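Chain by chain, the residues run as shown.
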Amino acid sequence: MNSVQVIGIVGGGQLGRMLTLAAKPLGFDVVVVDPGDNCPAAQVGAKQIQADLYDENALSELSERADYITVEIEHLDANVLERLARGGAKINPSPKTISLIQDKYEQKVFLAERSIPVAEFTIVNSQKDATQALSNFGGVMLLKTRHGAYDGRGNTKITNASELDAALAEFGSKTLYAEAYVPFVKELAVMVARDMNGNVATYPIVETTHERNICTIVQAPANISNSINNQAIEVATNVANQLEGAGVFGIEMFLNKQEEILINEIAPRVHNSGHYTMDACYTSQFEQHIRAISGLPLGSSAMYVPAAAMINILGEHDRPTVVKNLKEVLSKPATHVHLYGKSPTKVDRKMGHINVTAINAETALKVAKAARNKLEI
């Protein structure tokens, strides 16, 4: 009989890889469900059930092999996870939470009903609904798919009727909703961890930069006032306490011109905006997530350095993966490169990230940008 406890992860991409790297030193074995050949998590020691994330038999096998189950992606069969949970599988966060977050419209309804600040939004079931929303939101809005969107896919900014017509044609039969566009001052994010006993640990508020709707830069801590910081922590903690289950949650926020915090989106998992924690915090978001879902106590979420910056390494070409200039990059002070083992390189594919720590966020970002400009992949 195997006395080693097993973490099961639905998804074996880069987040599954980094969760595996965090679970192993704590003595866990890891099994992932992933459709890819030699997925990123399998490359670092996870056993792989090669199957689609909607494969009921594969998810059932995962529940038989794992003591604790979690997810690294929302795009999976939450109904199967709910059935497995009812049968006794320990799944965190709760499949109900995952199901809620899968539907971005229902996520907004959930938050609004609990008086958590969000941008105005409305359901879009027809061309008439969309046209009315554009008018109601002052002639500029975001049209979004309710399901399956990530990294900029599934949402588009609309400023006139012709853009609306083109977007509706492109989205086809997908279910949609619309949000008022928020002319934000900053995009902020925070990772919030909650254990099985309801204890909560919040990481520092960070400032994020997006290009083509993909997170490219994270600066920690965010350059904001104490009052805004406290407001953001309060809102984020409130959000996490409304969700069922243990784990780390990524909470993305807008800071508007009135210095109000609005929730943009929630991720029921570790998140891109928390990658800096690997080299800047006493407990990385990945170790924290493993602790939370397995009944271990939460670790300190504090930074042990004054500041950090993270830059995503996005693919710039469609070609086989070849890493160049790594030696020059690693010669820069306090620079850490995390590659995800993906091949081939594709335009805008997340191939890795660079973390830099420094005496302040500006210095960290300057070094991180120089490192990213040097690295080729």
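Below, the structure is looked at part by part.

1. Brief notes about the environment of Ala180
Step number 1: Tracing the backbone through its elements, the reader meets Ala180 in strand β8 (residues 176–180).
Step number 2: For Ala180 and Ala119, which are 61 residues apart along the polypeptide, the C-alpha to C-alpha distance reads 6.0 Å.
Step number 3: Apart from residues lying up to four places away in sequence, Ala180 is in contact with Ala119, Glu120 and Phe137.

2. Comments concerning the packing of helix α5 (residues 95–102) against helix α6 (residues 104–113)
Step number 1: Axis separation between α5 and α6 bottoms out at 5 Å; the angle between their running directions is 110°. When the axes of α5 and α6 are compared, the pair comes out roughly perpendicular. Every residue of α6 that contacts α5 at Leu100, Ile101 and Gln102 is listed here: Lys104, Glu106, Gln107 and Phe110.
Step number 2: Residue composition of the contact of α5 with α6, grouped by class: 3 nonpolar, 2 polar and 2 charged.

3. Examining the side chain of Asn312
Step number 1: For Asn312, the position within the fold is in strand β15 (residues 307–314).
Step number 2: A relative accessible area of 4% means that Asn312 is categorised as buried.
Step number 3: A distance of 2.4 Å separates a polar atom in the side chain of Asn312 from the backbone oxygen of Cys215.
Step number 4: Among the polar contacts made by the side chain of Asn312, one reaches the side chain of Asn272 at a distance of 2.8 Å.
Step number 5: Setting aside residues up to four positions removed in sequence, Asn312 forms contacts with Cys215, Thr216, Asn272, Tyr340, Lys350, Gly352, His353 and Arg372.

4. Details of the packing of aromatic side chains
Step number 1: The tally for this structure, following the rule as stated, stands at 4 aromatic pairs.
Step number 2: Between the aromatic rings of Phe184 and Phe254, the centroid separation amounts to 5.1 Å while the plane-to-plane angle is 10°, which identifies the pairing as stacked. Placement of the pair is Phe184 in the loop between β8 and β9 (186–194) and Phe254 in strand β13 (residues 247–255), with a sequence separation of 70 residues.
Step number 3: Geometry around Phe110 places Arg114 over its ring, the cationic atom sitting 3.7 Å from the centre.
Step number 4: Positioned over the ring face of Tyr181 is Lys157, at 4.1 Å from the centre of the ring.

Cut-offs used in this document
Residues numbered from 1 in each chain as written. Predicted model: local features only at pLDDT ≥ 70, side-chain atom pairs only at ≥ 80, totals over all residues. Heavy atoms only, no water. Helix = DSSP H or I, 4+ residues; strand = E, 2+ residues; numbered from the N terminus. Contact = heavy atoms within 4.5 Å. Axes fitted to C-alpha atoms, helices over the stretch in contact; angles between N-to-C directions. Parallel < 35°, antiparallel > 145°, perpendicular 65-115°, else oblique. Nonpolar A, V, L, I, M, F, W, Y, C, P; charged D, E, K, R; others polar. Buried < 20%, exposed > 50% of the residue type's maximum accessible area, 1.4 Å probe, protein only. Polar contact = N/O pair within 3.5 Å; in protein donor to acceptor, adjacent residues only side chain to side chain. Phe/Tyr/Trp six-rings, centres within 6.5 Å; stacked < 30°, edge-to-face > 60°. Lys NZ or Arg CZ within 6 Å of the ring centre and 35° of its normal.

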